[in-house]
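Remarks on the overall topology
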Amino acid sequence: MYFLLKTYRIWVILLPLLAHVSLAQRVTIRGYVTDRTSGEALMSATVFDTQKQTGVTTNPYGYFSLPLSQPTRLRFSYVGYEPLEVDVSATSDTIMQIRLWPATHEIAPVSVSATGANTANDHPIGLVAIPISQLKAVPALLGETDLIKALALTPGVTVGSEGTTGLQVRGGSPDQNLIILDDATVYNVSHLFGFVSTFNPDAIRKVDLYKAGFPAHFGGRLSSIIDLSMKEGNNQRHRGDASIGLVSSRLLLEGPLSNALKGRSSYFVSARSSYFTLFLLPTLLAARSSPNGQYVNYWLYDVNAKANHQFRDGSRLFVSLYNGHDAWVAQEGSKTNRSAFNLNWGNTTTSIRYTRSLLKRLFLRSTLTFSRYQYTLSTRDRSKPGKDWITTQQIAVTSSIRDVTAKTVLEWNPLPGHNVQAGVEAIRHRFQPTRLVTTYEINPDTLNRINQAVAASEVAGFLEDDVSLTRWLRANVGVRAVSYRVDRQTYSYMEPRLTLNVAAGERLSVKFAYSKMHQFVHLLSSNSIGLPNDVWVPATGETPPQASDQMAVGLTYLPANRSLSVTLEAYHKRSTGLIDYQTGSNFLSNFNRRWENTVERNGEGDSRGIEVMVLKTQGRLTGWTGYTLAHHRRRFATIDQNRWYDATYDRRHVFSATGQYQFNDRIRASATWVYQSGQPTTVPIAMQENLGQEATAYPLFVYGDRNNFRMPAYHRLDVGVTIGHKTRRRMRNAHWSFGLYNAYNRSNPFYLDFSRKLVWGADGKATGFDYKVVRKAVFPVLPYAS
């Protein structure tokens, strides 16, 4: 609390100084910028004073506030929309409702950084904001448009293994990414064991990825912030979308809540579901009629829903809901005995947000969110000695994490070029690393210890100012004070944040960023791909929080025609408090051990790299190309005698290129090619065999240094074509999408395995085994259609 009081004192000193300067301003123009056709707010739209050559951007709710001292002409613009200019000569404070038309030209400019930036100095360092229209154009596995995998095509971002959704940002592990959906934390982003991500692109209107230069209003993770905003719904008319693909089908409905509230309220519902169950129905029927049948089933779904209403006083209320679930079951047995294995997991989030313009230049937003992630792994044996089935053996293991978060932020625009934010945030965590239910005999005290939940609380206060100090110098200066308490142990930290943009003309900008971050959750994972059976645990007195310091420098260059942008960034990040599983340990199979005793603690990390990105935003051909040269290392006192080793997430060279070509109004082609250096992994250096009666048994492998081998390089080409047309009577738009994943059938390694062949001597006796390391691929060339 001392740090929170210290931050409050800084705010009290700064407030009257800025207020004194702001008295010179006569009037304030404030309001909202929205889409004229749907009524959706346009976040990060530009409001530009053409006379003073200064401006502001709208906040996530489309709100802006701009002080003026004399009549002027304001220019409102947003990428993909027709700009609008308005003459303003108000003598008193004025509220405006600005509605922009979507661009009508056939090939509208589309920018990966959809911030409405006009100069190189307006592009923040470390921020990638990909328009949803661009994401949907990227070819994807089985035709399932995937936001997470699209992010992995940008420099500094990779995934653990092919087809999975565990993002690794600048050498960080998947748990070091804070993923928020309408301000609610999402802890697991995988459907179908990671082959499809949690986020339905039909339900998302904007996604921002922060790799550096983290604003002070974000915290709690070391590597990245992925901020997703759900669509608000069309408040002008009712409409719907439907899609049928190889993996799932999607349905979207939106419109005003009622005709009387048209233009002031809206609803939005989007649902997605797989139909593997229908395809597998014949195997179920065959298994039920067979004396020894086997049956496998899989089902996934997710639902996004949102409603919002604007009150007479201009305040707005938003209610958002997300629920997603995966269920996998395998059964076998006869008519009298059956066994089943089940794995299911899912996320639930709820957000209630209230926003209101206060006074002339204050904007309030308050948020209350709930987030839960849970998975269950279970096996059950049943028998039917008579008429009824009875359970003979059962074991079920459940792990979950639950958060309740309250956050209030005040946004203040005292001067043109000043955006001050101050706020507080409180999080109540409840961790349930394991909940065991079984028919096996276990000591009651042991069972109570295993099933014990852990509560933790996190409180933070922050202050930041995004300010244009001069025409050539822009800065974001902030500080975040955070206090975390668990099991009578309290950790308190100050986290300074600084970003500087120095303009060398309109086309070239030099940038610098520094961020201090802390993370109070750990992910127990024996893999790097974010499978659903990973276990979330809190930082404790024995396993302290993770921390990182990151510095980044960069250049942004915009050519004269503004159709291209070139970005170069270099970074260095040092991390402490890292954990890793002990060799041969797995928390799920060691119920009699505390999780703290299954991990290596107090590890260090060192990540550094250079990233280059070339982006084309206009014309028939659009897309981007990225290259990353990086080195990520870790070390633990108890691993390899405290020597540095290449982290599992180290990819020395990564190159990606994705592009879309618009032939005409109806036909668009897209292609993606990606190359990555091999992933570090640990392979045995020796083995001990038993050639006696157990000659068929596998030997005992002997391991040396951690990550002593690299898999072969990974590369892949995806291609796709989309054909659109108007249906009969030209009332509906229809699109056919076709494509190939891994078009040239590259056998990329998903994991390594050992093959062995028994060697026989001349006397007919076994003399040993011939071992080979074999790479196992999962995805051949795969066509798709939707």
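Fair warning: this is a prediction, and the values are worked out from it, not measured in the lab. (Residues numbered from 1 in each chain as written. Predicted model: local features only at pLDDT ≥ 70, side-chain atom pairs only at ≥ 80, totals over all residues. Heavy atoms only, no water.)

**Describing the overall build of the protein**
Helix and strand counts for the protein come out as 5 helices and 47 strands. In the protein, which comprises 786 residues, the share counted as buried stands at 52%. Counting only contacts in the protein whose residues sit at least 6 apart along the sequence, the fraction spanning at least 24 positions is 65%. Of the accessible surface of the protein, which amounts to about 34700 Å², a share of 56% is contributed by carbon and sulfur atoms. (Helix = DSSP H or I, 4+ residues; strand = E, 2+ residues; numbered from the N terminus. Buried < 20%, exposed > 50% of the residue type's maximum accessible area, 1.4 Å probe, protein only. Contact = heavy atoms within 4.5 Å. Areas by Shrake-Rupley, 256 points an atom, 1.4 Å probe, with all protein chains shown as cover.)

**What about the confidence of the model for the protein?**
Predicted confidence across the protein gives a mean pLDDT of 83, with 89% of residues reaching 70 or more. Averaged over each element, pLDDT in the protein is lowest for helix 1 (residues 2-22) (48) and highest for strand 12 (residues 184-185) (96). Segment residues 527-531 is flagged for pLDDT under 50; beyond a separation of four residues in sequence, or across chains, it makes 16 contacts in the model. (pLDDT = per-residue confidence, 0-100.)

**Considering the sheet that holds strand 5 (residues 72-77)**
Sheet strands pair by backbone hydrogen bonding; their relative direction is either parallel or antiparallel. Within the open sheet, the 4 strands sit side by side as 3-2-5-6. Their pairing is antiparallel. The open sheet has two edge strands, strand 3 (54-57) and strand 6 (84-88), and neither has a second partner. Strand-to-strand twist in this sheet, taken as the mean axis angle between neighbours without regard to direction, amounts to 20°. (Pairing = 2+ DSSP bridges. Axes fitted to C-alpha atoms, helices over the stretch in contact; angles between N-to-C directions.)

**Side note on the pattern of salt bridges**
Evaluation of the coordinates by the stated rule reveals 36 salt bridges. The residue Asp241 makes a salt bridge to Arg239 at a minimum N-O spacing of 3.0 Å. Linked through salt bridges whose partners overlap, the residues forming this network are Arg574, Glu604, Asp606, Arg608, Arg633 and Arg635. (Salt bridge = Lys/Arg side-chain N within 4 Å of Asp/Glu carboxyl O.)

**With respect to the side chain of Gln546**
Among the secondary structure elements, Gln546 is positioned in strand 32 (residues 546-557). Residue class for Gln546 comes out buried when judged on its relative accessible area of 3%. Looking at Gln546, its side chain comes within polar contact range of the side chain of Gln176, at 3.0 Å. Setting aside its immediate chain neighbours within four residues, Gln546 contacts Asp175, Gln176, Leu222, Met517, His518, Gln519, Val521, His522, Thr576, Gly577 and Leu578. (Polar contact = N/O pair within 3.5 Å; in protein donor to acceptor, adjacent residues only side chain to side chain.)

**Quick notes on the pairing of strand 20 (residues 293-310)**
Inspection of the sheet shows strand 19 (residues 265-274) paired to strand 20 by 9 bridges, in the antiparallel sense. Within strand 20, the position partnered with Ala271 by the bridge is Val303. Pairing of strand 20 with strand 21 (residues 316-333), which is carried by 18 bridges, proceeds in the antiparallel orientation. Pairing of Asn297 across the sheet is with Val329, part of strand 21. Where strand 20 hands over to strand 21, the hairpin turn is made up of 5 residues, of which Gly314 adopts a positive phi near 95°.

**Brief notes about the pairing of strand 16 (residues 224-230)**
Burial analysis of strand 16 places 7 of its 7 residues in the buried class, which makes it a mostly covered element. Covered by surrounding structure in strand 16 are Ser224, Ile226, Leu228 and Met230 together with Ile225, Asp227 and Ser229, the residues of both alternating faces. Two elements, strand 11 (residues 177-181) and strand 16, share 5 bridges in a ladder whose sense is parallel. If you follow Asn177 over to strand 16, its bridge partner there is Ser224. Across 6 bridges, strand 15 (residues 204-210) lies against strand 16 in antiparallel orientation. Within strand 16, the residue paired with Lys206 across the bridge is Ser229.

**Details of the sheet that holds strand 7 (residues 94-100)**
Strand order in the open sheet formed by 3 strands is 4-1-7, with mixed pairing between adjacent strands. Here the strands that pair on one side only, and so sit at the sheet edges, are strand 4 (63-68) and strand 7. The mean angle between the axes of side-by-side strands here comes to 25°, regardless of whether they run parallel or antiparallel. Where strand 1 (residues 27-35) and strand 7 come together, 7 bridges link them in parallel fashion.

**A short note on a positive patch on the surface**
Residues Arg372, Arg402, Arg430 and Arg435 make up a contiguous surface patch of positive charge. Judged by its relative accessible area of 33%, Arg430 falls in the partly exposed class. (Patch = residues over 30% accessible without salt bridge, like charges linked within 9 Å, V, L, I, M, F, W, Y side chains within 5 Å. Lys, Arg positive; Asp, Glu negative; His and termini not counted. Charge placed at Lys NZ, Arg CZ, Asp CG, Glu CD.)

**A short note on the nonpolar core**
If you look at soluble globular proteins, the nonpolar side chains tend to sit buried side by side. Ranked by size, the top nonpolar core spans 33 residues in total, and within it Leu167, Leu181, Phe199, Ile226 and Leu228 carry the most contacts. Looking at this core, the elements that each hand over two or more residues are helix 2 (132-137), helix 3 (147-151), strand 9 (157-159), strand 10 (167-169), strand 11, strand 15, strand 16 and strand 34 (599-616). Considering each element in turn, this core owes the most residues, 4 residues, to helix 3. Ignoring any residue separated from it by four or fewer positions in sequence, one finds Phe199 in contact with Leu147, Ile148, Ile179, Leu181, Val186, Val189, Ile204, Leu228 and Arg272. Leu300, Tyr373, Val521 and Val599 belong to the second-largest nonpolar core, a separate cluster that totals 31 residues. (Core = buried A, V, L, I, M, F, W, Y, C linked by side-chain atoms within 4.5 Å.)

**With respect to the environment of Thr154**
Take Thr154: it is sitting in the loop between helix 3 and strand 9. For Thr154, a relative accessible area of 3% puts it in the buried group. Residues Thr154 and Thr628 lie 474 residues apart in sequence; the distance between their C-alpha atoms is 9.1 Å. Setting aside residues no more than four positions away along its own chain, Thr154 makes contact with Val128, Ile130, Leu209, Met613 and Trp624.

**Describing the packing of aromatic side chains**
Under the defined criterion, the tally for this structure stands at 18 aromatic pairs. Arranged with centres 5.4 Å apart and planes meeting at 50°, the rings of Tyr61 and Phe318 form a pair that is tilted. Separated by 257 residues along the polypeptide, Tyr61 in the loop between strand 3 and strand 4 and Phe318 in strand 21 bring together distant segments of the chain. The interplanar angle of 40° and the centroid separation of 6.2 Å between the aromatic rings of Tyr61 and Phe363 together place this pair among those described as tilted. Here Tyr61, found in the loop between strand 3 and strand 4, pairs with Phe363, found in strand 23 (residues 362-383); they are 302 residues apart in sequence, far enough to count as distant. (Phe/Tyr/Trp six-rings, centres within 6.5 Å; stacked < 30°, edge-to-face > 60°.)

**Remarks on the environment of Ser786**
Among the structural elements, Ser786 can be located in the segment after strand 47 (782-785). Once the C-alpha coordinates of Ser786 and Glu144 are considered, the two residues, 642 residues apart in sequence, prove to be 8.8 Å apart. In this structure Ser786 touches Ile244, Gly245, His735, Trp736 and Ser737, once residues within four positions along its chain are discounted.

**Remarks on unusual backbone geometry**
Backbone geometry follows two general trends: most residues other than glycine have a negative phi, and most peptide bonds adopt the trans configuration. Despite not being glycine, Arg488 shows a phi value in the positive range, around 65°. Residue position: Arg488 is located in the loop between strand 27 (473-486) and strand 28 (489-503).

**Some words on the side chain of Arg170**
Looking at the element boundaries, Arg170 is found in the loop between strand 10 and strand 11. Owing to a relative accessible area of 1%, Arg170 belongs among the buried residues under this scheme. Within the local environment of Arg170, its side chain forms a polar contact with the side chain of Gln550, the two groups lying 3.3 Å apart. In this structure, Arg170 is in contact with Gly156, Lys211, Ala212, Gln550, Ala552, Glu569, Tyr571, Lys573, Ser607, Glu611 and His632, ignoring residues within four places of it in sequence.

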